[in-house]
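Architecture and fold: a report
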2 protein chains.
Amino acid sequence: MSQPISTKPPSGMRDFLAADVVRRRHVLAVVQRVYESFGFVPLETPTIENLGTLLGKYGPEGDQLLFRVLHRREKLQRALAAGAVGELDLADEGLRYDLTVPLARVVANHRDLPAFFKRYAIQPVWRADRPAKGRFREFYQCDVDITGTRSVVADAEVCGAVAQVLRELGFSDFRLLCNHRALLRALVAEAGIPPAHEALALVVLDKLDKVGVDGVQRELADKGVPAAQSGALLRLLAEAREAGALARRAAGDGAGAEGARELLALFAAAGGGPAAAHLTFDPTLARGLGYYTGPIFEIACSDLAGSLGGGGRYDGLIGMFGKQPIPAVGFSLGLERILLVMEERGMFPPLGIGPQVLLCRLPDVTAAAAIGVATALRAQGLRVEIYADEAKLGTQLQYANKVAAPFAAILGGDEVAAGTVALKDLHTGEQVVLRVAEVGARVSRAHLPPR
Amino acid sequence: MSQPISTKPPSGMRDFLAADVVRRRHVLAVVQRVYESFGFVPLETPTIENLGTLLGKYGPEGDQLLFRVLHRREKLQRALAAGAVGELDLADEGLRYDLTVPLARVVANHRDLPAFFKRYAIQPVWRADRPAKGRFREFYQCDVDITGTRSVVADAEVCGAVAQVLRELGFSDFRLLCNHRALLRALVAEAGIPPAHEALALVVLDKLDKVGVDGVQRELADKGVPAAQSGALLRLLAEAREAGALARRAAGDGAGAEGARELLALFAAAGGGPAAAHLTFDPTLARGLGYYTGPIFEIACSDLAGSLGGGGRYDGLIGMFGKQPIPAVGFSLGLERILLVMEERGMFPPLGIGPQVLLCRLPDVTAAAAIGVATALRAQGLRVEIYADEAKLGTQLQYANKVAAPFAAILGGDEVAAGTVALKDLHTGEQVVLRVAEVGARVSRAHLPPR
């Protein structure tokens, strides 16, 4: 213990002091209220999952980003003695990587859930990504999912729920980008890209908004997709964006046409709800994750590289847990990105935290008497801190400013005897003597400043 | 992926479905409100901490119970190539073990905090304990701490805050046990136990309520403390419990007497607040953790082996982070134990969750029209689920019962055209046709049943 210990959080992790916490809570309270208004119910799953649950769901890149929990005691010693050569020998548990795979596990585990399980989840996830500005290793996701139905109502409702969250937070200029995996796969095939390269093409295409057309073509070429094929794909994607192209495709045959019809049905259904003004067909939207099977979604917001959230239909994932296949669709909002934009744009209302009243104690007042008055004030619904040490009144009032308390209640022996306090408004400087029972009404009446 | 994956959470971990989540939230909302009423502000620290932060704070047993995060990629390969022989070679990060050590790190890291940092934290912690009934590997703690002062006001306020939480949750029969480390150390010395055995004696004594007097003497004997010494200690502890013994000791000299005086001052101060009726001097209370330096606390509740929470003064811990020493005192409530007792005693009020209205759609209604009506109902503050599939009305109403919705709103083409719904009270069976705009008032007026 002789050398100083670092007092910083680990790389990519953050401490949230009160001002951060209340902003995070403000957003999460809106998310929770809106998700519940759509009839979703909460689910919380553990931080640690068996690696058997996590591995193979996020692609090889995802598996590499899992935080794994080291074996302990005998199990660790046995692994080392047997000549451990890698991660799988040293860990069989890892930290939650998203909220969708744990949901799939829970749905597979519980046979008594309603036919449609509408759950929301607001929890942190962990990814051992290289930390960067705005990219963290611990971050919150806010998910809604509906399992047990292929109905377009479900797809439209998850889109409506996230759109309503963003609207109630004060966002108006976001687009809810939609595409369909079957449509995208049809275009990949039409471009002459063989099925073996399809997954690769989607992963690379997902980076289009970051690296541009040239970047996509270059990366595809590096990975063995000839320029003729990638050029054809990019041309088909550009055509797909033209007016009427989606309707024309929906009139055709095959899986791509079926996907186009599903998208049109989604636009029609979601058009009845809060997503209406935000729905945007984007034929280049790919989504990196492998498990999507139908419509896919992403929230785009001007000023922001990357998205505020994304989702889609994944009818195969729950079946991977060895029980019958169960269709599902979901949408995930990223808390950290939302906070980032709201901070940049000054979208937070005044959020009060900390004591409303600092109780200042003069030397002739016992600790018990001060605590008695504080107890009476708290019973009136006030947030009250007692200045802990014995100190001059000036020191105590300075501290009241430091903790941004709008009022100081000054308590001397005379006030204790009379059942009063001297209540000082720290913004106006005005001071009045009030009965203890009157303080709550006086403080609540005051216009509290933003912090 | 061919063999079925386990769908259970890992050993000692739990999934919380909606009914669990709302009970947990009910308790945490009271904790948060009461802690804030005492002027505490929230702090959230990351799940993952550097092992340098965690190791050496909880004693050797605690170090063994840490979840450690396995090195990744090159770092892991280097460690294995260099012949890793144990945990320290394979990990330099671990999961949060309590909320006190991260607080100490944060206080040492931030020089701009108020002179007294009053923070609360409500977060999960992880301990690789052997799972047992009521003992989990992931569980929530609810802590209040005040740093920067040695004042008895701080000790009394943390006791008052946890007492008020328990009272507002409906507990009345709990005792807030208090002792003082200096008092206890004086008794250990008087019993003839040498300083080298003092820490050991406290750890064993901490198990007194579980293993009894004989168990303590046996374990102390096993660890090299002669029966004469342990017998003398137990005799002194019994005497210390007699009426007037604390006051007599407070009149004496030395660190033990100083501890007794501090305890009497604490009783006097806290007597002015909500802890008053619960304060109980218990000279055998030891607390296992090594870092306590002054008063120590624990909540005892009839019906419950073990405690609902504990705490104490730890004036040395923050200084371990290599900066100047900063005194501190805190109290931690254990959420899981509180929930256990509240469930056994039926202390929860009715807690509503899930849809208040299931919107049932007849075949002549489009998805868009149903979503339009749901949107209007949600704007009235209602929680509304749309039955997703196309199905007979009877099937839809059965589902309404399954999700415990108190009302069904039945929507056919006629209702859509008229701007109405047929609202069916699923408890009385009564059905009325209402304008969509009237539904919110009607549902809110209904007596909602407990779930």
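Treat the numbers as computed from the prediction; the structure is a model and nothing was measured. (Residues numbered from 1 in each chain as written. Chains lettered and ligands numbered in written order. Predicted model: local features only at pLDDT ≥ 70, side-chain atom pairs only at ≥ 80, totals over all residues.)

Considerations on the overall build of chain A
Note the cut-off: Counting from the N terminus, the helices are the DSSP runs of H or I reaching at least four residues and the strands are the DSSP runs of E reaching at least two. Residues with at least 20 neighbouring C-beta atoms inside 10 Å of their own are called buried, those with 12 or fewer are called exposed, and the rest are partly exposed, where every C-beta is derived from the backbone. We call two residues in contact when their backbone-placed C-beta atoms lie within 7 Å.
Looking only at helices and strands, one finds 18 helices and 16 strands in chain A. In terms of overall dimensions, chain A has a C-alpha envelope of 90 × 65 × 50 Å along the principal axes. Looking at chain A residue by residue over its 451 residues, the buried ones come to 47%. Contacts in chain A between residues at least 24 apart in sequence constitute 68% of all its contacts with a sequence separation of at least 6.

Description of the sheet that holds strand S6 (residues 138–147) of chain A
All names here are of chain A. Going by this rule: Strands are treated as partners if at least two bridges between them are detected by DSSP. In this description, a line fitted to the C-alpha atoms serves as the axis of each element, helices being fitted only across the stretch in contact, and the angle between N-to-C directions of two axes falls anywhere from 0 to 180 degrees.
With mixed pairing, the eight strands of this open sheet are ordered in space as S1-S5-S6-S11-S10-S9-S7-S8. Two strands bound the open sheet, and with one partner strand each, they are strand S1 (41–42) and strand S8 (279–281). Here strand S5 (residues 117–126) pairs with S6 via ten bridges, running antiparallel. Bridge pairing links Trp 126 to Glu 138 in S6. Sheet strands touched by helix H1 (residues 18–37): S5, S6 and strand S11 (328–334). Its angle to S5, the strand with the most contacts, is close to 160°. Along the sheet, helix H6 (residues 100–109) contacts S5, S6 and S11; its crossing angle with S6, the most-contacted strand, is approximately 40°.

Brief notes about the relation of the copies chain B and chain A
Operational definition: Superposing the copies works by least squares over the C-alpha atoms of residues that have pLDDT at least 70 in both of them.
Rotating chain B by 180° and moving it 0.0 Å along the rotation axis overlays it on chain A with an RMSD of 0.0 Å. Here the symmetry operator amounts to a two-fold rotation axis. Most of the interface of chain B is mirrored in chain A, where 100% of its interface residues again form contacts.

Some details on the sheet that holds strand S15 (residues 420–425) of chain A
Residues and elements named next belong to chain A. Judged by pairing direction, the sheet is mixed, and its five strands sit side by side in the order S13-S12-S14-S15-S16 without closing on themselves. The open sheet is flanked by strand S13 (384–386) and strand S16 (431–435), the only strands paired with a single partner. Taking each pair of neighbouring strands and ignoring which way they run, the sheet shows an average axis angle of 30°. Looking at chain direction, strand S12 (residues 357–361) and strand S14 (residues 407–411) are connected through five bridges and run parallel. Paired with Cys 360 across the two strands is Ile 410, which belongs to S14.

Some details on the domain arrangement of chain A
Applicable threshold: Marked domain ranges trace back to an automatic or database domain assignment.
One can read the domain layout of chain A as domain 1 (18–47 + 96–345) and domain 2 (357–445). Computed over C-alpha atoms, the centres of domain 1 of chain A and domain 2 of chain A are 53 Å apart.

Focus: the environment of Ala 84 of chain B
Examined against the element boundaries, Ala 84 of chain B turns out to sit in the loop between helix H4 (73–81) and helix H5 (87–90). Sequence separation between Ala 84 of chain B and Asp 425 of chain B is 341 residues, and the spatial gap between their C-alpha atoms is 67 Å. In contact with Ala 84 of chain B, not counting residues within four places along its chain, are Leu 80 of chain A together with Ala 79, Asp 89 and Leu 90 of chain B.

Description of helix H7 (residues 152–169) of chain A
Residue and element names in this part refer to chain A. The following threshold applies: One fewer than the residue count of a helix, multiplied by 1.5 Å, yields its expected span.
Its 18 residues give H7 an end-to-end C-alpha distance of 26 Å, which sits within 8% of 26 Å, the value for a rise of 1.5 Å per residue. When you tally the buried positions in H7, you get 15 out of 18 residues, the bulk of the element. Directly after H7, the chain includes Gly 170, whose backbone phi takes a positive value near 110°.

Describing the interface of chain B and chain A
Heads up, the condition is: Put simply, Ala, Val, Leu, Ile, Met, Phe, Trp, Tyr, Cys and Pro go in the nonpolar bin, Asp, Glu, Lys and Arg in the charged bin, and everything else, Gly too, in the polar bin.
The interface of chain B with chain A comprises 94 residues on the first partner and 94 residues on the second. In terms of residues, the side of chain B that touches chain A owes the most to one element, helix H15 (residues 367–379) of chain B, which gives eight residues. In terms of residue class, the side of chain B that touches chain A is built from 54 nonpolar, 21 polar and 19 charged.

Remarks on unusual backbone geometry
Residues and elements named next belong to chain B. Positive phi, close to 45°, is recorded for Arg 73, a residue that is not glycine. Inspection of the secondary structure puts Arg 73 in helix H4. Residue classification places Arg 73 among the exposed residues on the basis of 10 C-beta atoms within 10 Å. In the Ramachandran plot, Ala 404 falls in the positive-phi region, its phi being about 60° despite a non-glycine side chain. Structurally, Ala 404 can be placed in the loop between helix H16 (393–402) and strand S14 (407–411). Judged by the 20 C-beta atoms lying within 10 Å of it, Ala 404 falls in the buried class.

Examining the confidence of the model for chain A
Worth spelling out the cut-off: Residue-level confidence of the predictor is summarised by pLDDT, bounded by 0 at the bottom and 100 at the top.
Looking at chain A as a whole, its pLDDT mean stands at 94, while 98% of the residues score no less than 70. Reported for the predicted complex are a pTM of 0.95 and an ipTM of 0.95.

Structural notes on the pairing of strand S4 (residues 91–95) of chain B
Where a strand is regular, its side chains alternate between the two sheet faces. Residues and elements named next belong to chain B. The buried fraction of S4 is high, at four of five residues. Pairing geometry for strand S2 (residues 48–50) and S4, over three bridges, is antiparallel. Within the sheet, the bridge partner assigned to Asn 50 lies in S4 and is Glu 93. Alignment of strand S3 (residues 68–70) against S4, held across three bridges, turns out to be antiparallel. Bridging from a neighbouring strand, Leu 70 pairs with Ala 91 of S4.

Some words on the packing of H1 of chain A against helix H14 (residues 335–345) of chain A
To describe two helices that pack against each other, one gives the angle between their axes and the distance between the axes. All names here are of chain A. The condition that has to hold: By definition in this entry, angles of less than 35 degrees are roughly parallel, angles greater than 145 are roughly antiparallel, angles of 65 to 115 are roughly perpendicular, and the rest are oblique. Note on convention: near helix rotated counterclockwise from far helix by under a right angle means a left-handed crossing. Clockwise means right-handed.
Close contact between H1 and H14 brings their axes to 11 Å; oriented N to C, the two are set at 110°. Relative to H14, H1 is oriented roughly perpendicular. The two elements H1 and H14 cross, and the hand of that crossing is right-handed. Between H1 and H14, the contacting residues are Arg 23, Arg 24, Val 27 and Leu 28 on the first element and Leu 335, Ile 338 and Leu 339 on the second. The residue makeup of the contact of H1 with H14, split by class, is five nonpolar, no polar and two charged.

Details of the packing of helix H9 (residues 198–205) of chain A against helix H10 (residues 208–222) of chain A
Residue and element names in this part refer to chain A. Close contact between H9 and H10 brings their axes to 9 Å; oriented N to C, the two are set at 145°. Across from Ala 201, Val 204 and Leu 205 in H9, the residues of H10 making contact are Leu 208, Val 216, Glu 219 and Leu 220. Tallied by class, the residues present in the contact of H9 with H10 amount to six nonpolar, no polar and one charged.

As for the environment of Val 204 of chain A
Residues and elements named next belong to chain A. Looking at the element boundaries, Val 204 is found in helix H9. Placed 172 residues apart in sequence, Val 204 and Gln 32 show a C-alpha to C-alpha distance of 34 Å. Apart from the residues within four sequence positions on either side, Val 204 is in contact with Val 216, Glu 219 and Leu 220.

Things to note about the pairing of strand S12 (residues 357–361) of chain B
All names here are of chain B. The criterion, for reference: Crossovers are described as right-handed under a simple rule: with the strands pointing away from the observer, the path leading from the first strand over the helix to the second runs clockwise.
Most of S12 is tucked away, with five of its five residues classed as buried. Where burial is concerned, the two faces of S12 agree: the one with Val 357, Leu 359 and Arg 361 and the one with Leu 358 and Cys 360 are both buried. With three bridges joining them, S12 and strand S13 (residues 384–386) adopt parallel strand pairing. Within S13, the position partnered with Leu 359 by the bridge is Ile 386. What joins S12 to S13 is H15, and the crossover it makes is right-handed.

Re helix H8 (residues 181–190) of chain A
All names here are of chain A. Taking burial as the measure, the ten residues of H8 include seven buried ones, the bulk of the element. Looking only at H8, the buried set comprises Arg 181, Ala 182, Leu 183, Leu 184, Ala 186, Leu 187 and Val 188. In the core, the buried residues of H8 are packed alongside strand S7 (174–180), H9, helix H11 (227–240), helix H13 (254–270) and strand S9 (295–301). Positive phi shows up at Gly 192, right after H8, with a value of about 85°.

Digging into the nonpolar core
Condition: Take the buried Ala, Val, Leu, Ile, Met, Phe, Trp, Tyr and Cys residues, join any whose C-beta atoms are within 7 Å, and the set you get is a nonpolar core.
Counting residues in each nonpolar core, the largest one holds 275 residues, and the members touching the most others are Leu 359 and Ala 409 of chain A together with Leu 359 and Ala 409 of chain B. Once you skip the residues sitting within four places of it in the chain, Ala 409 of chain A turns out to touch Val 357, Leu 359, Cys 360, Val 421, Leu 423 and Val 439 of chain A.

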